[in-house]
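So the chains spell out like this:
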Amino acid sequence: MPVDRERWFGDLNLSNFVNTYYQYRDLESLDGCRRVLIVGPGQGLDTVVLRWRGYEVTTLDVDETFRPDLVGSVHSMGAFHDRQFDVVIASHVLEHLPLSYLNASLEEIARVGRFALIYLPVAGRHGLVRFVAGVRNLEANVTWDIFNYLLKPDGQTAALCARQHCWEVGYRGFRRRDIRGRLRQHFKIISDYRNYDWLPSYNFVLQSRHAAALSAHAE
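Just so we're clear, the structure is a prediction, and the values are computed from it rather than from any experiment.

Draft legend 1. Just the sheet that holds strand β8 (residues 187-194), in detail. Ordered in space as β3-β2-β1-β4-β5-β9-β8, the seven strands form an open sheet in which the pairing is mixed. Among the strands making up the open sheet, the edge pair consists of β3 (70-71) and β8. Two elements, β8 and strand β9 (residues 201-208), share seven bridges in a ladder whose sense is antiparallel. Across the sheet, residue Asp192 finds its bridge partner in β9, namely Phe204. Relative to the sheet, helix α2 (residues 14-28) contacts β1 (35-39), β4 (85-91), β5 (113-121), β8 and β9, its axis offset from that of β5 by approximately 150 degrees. Running at roughly 25 degrees to β9, helix α5 (residues 176-184) makes contact with β5, β8 and β9 of the sheet.

Listed below in structure tokens is the structure:
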């Protein structure tokens, strides 16, 4: 993301369409979920497509440049009540936050939504070799990521991606097992996967532990 937010807001790339499709696909896998909160709506493509497909969408961003329905931060969403939304989407948002705000943000996402889609950037430059058989949906993918595996970002300083990201998946302390551990404090991980159609993205489909506990108690 360039520092010029107005310029970035006006751009629309293939990756936006790919990312929006995966959000729609993951939402469709969660039966009966129609109320959606998008944290960080970006250029707005996700919002338009999901509303077109019948979802009730609310948007939140700390920056009014992106014309959210509500200006505010993910780490403090007091404007929303518990389980107000079926799903909270935070796609390539949380890496902009220092670690000192991350736990509070995850806690808030788990509080206001029953489920969450959290998509995170993968560090480095990426490559892919794909084999598609053309029958029975058979497919094989081999990926690689090139970056300094010895580097350990402090998680507080925005030093990555043109000084936009405080951390990314893959660096020491932020490898997939580390990210899973942080998420499991607040969520049950339904699935997680590499987006082979947009390699810089690692995606999580999550269920709020708080919401799941309440549902089990009600039963």
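There is more to say after this.
Draft legend 2. Geometry of the pattern of salt bridges. Under the definition given, this model contains 11 salt bridges. Two residues, Asp26 and Arg25, come together in a salt bridge whose shortest N-O distance is 3.5 Å. Asp26 gets classed as buried once you look at its relative accessible area, which sits at 5%. Look at Arg25 and you get partly exposed, because its relative accessible area is 35%. In this structure, the salt-bridge partner of Asp197 is Arg130, at a minimum N-O distance of 3.2 Å. With Asp197 in the loop between β8 and β9 and Arg130 in strand β6 (residues 125-132), the pair connects residues that are 67 residues apart, well separated along the chain. Looking at Asp197, the relative accessible area reads 42%, which means it is partly exposed. Accessibility expressed as a relative area gives 35% for Arg130, which makes it partly exposed. Three or more residues joined by partner-sharing salt bridges are found here, namely Arg35, Asp86 and Arg114.

Draft legend 3. Expanded view of helix α4 (residues 99-112). With 14 residues, α4 should reach 20 Å at 1.5 Å per residue; the first-to-last C-alpha distance of 20 Å fits that figure. For α4, the complete set of buried residues consists of Leu99, Leu102, Ser105, Leu106, Glu108, Ile109, Ala110, Arg111 and Val112.

Draft legend 4. Geometry of the side chain of Asn16. Position of Asn16 relative to the elements: it lies in helix α2. Overall, the relative accessible area of 15% leaves Asn16 in the buried class. A polar side-chain atom of Asn16 sits 2.6 Å from the main-chain amide nitrogen of Asn13. Once residues lying within four places of it in the same chain are set aside, the contact partners of Asn16 are Gln43, Leu45 and Asp46.

Cut-offs used in this document
Residues numbered from 1 in each chain as written. Predicted model: local features only at pLDDT ≥ 70, side-chain atom pairs only at ≥ 80, totals over all residues. Heavy atoms only, no water. Pairing = 2+ DSSP bridges. Helix = DSSP H or I, 4+ residues; strand = E, 2+ residues; numbered from the N terminus. Contact = heavy atoms within 4.5 Å. Axes fitted to C-alpha atoms, helices over the stretch in contact; angles between N-to-C directions. Salt bridge = Lys/Arg side-chain N within 4 Å of Asp/Glu carboxyl O. Buried < 20%, exposed > 50% of the residue type's maximum accessible area, 1.4 Å probe, protein only. Expected span 1.5 Å × (residues − 1). Polar contact = N/O pair within 3.5 Å; in protein donor to acceptor, adjacent residues only side chain to side chain.

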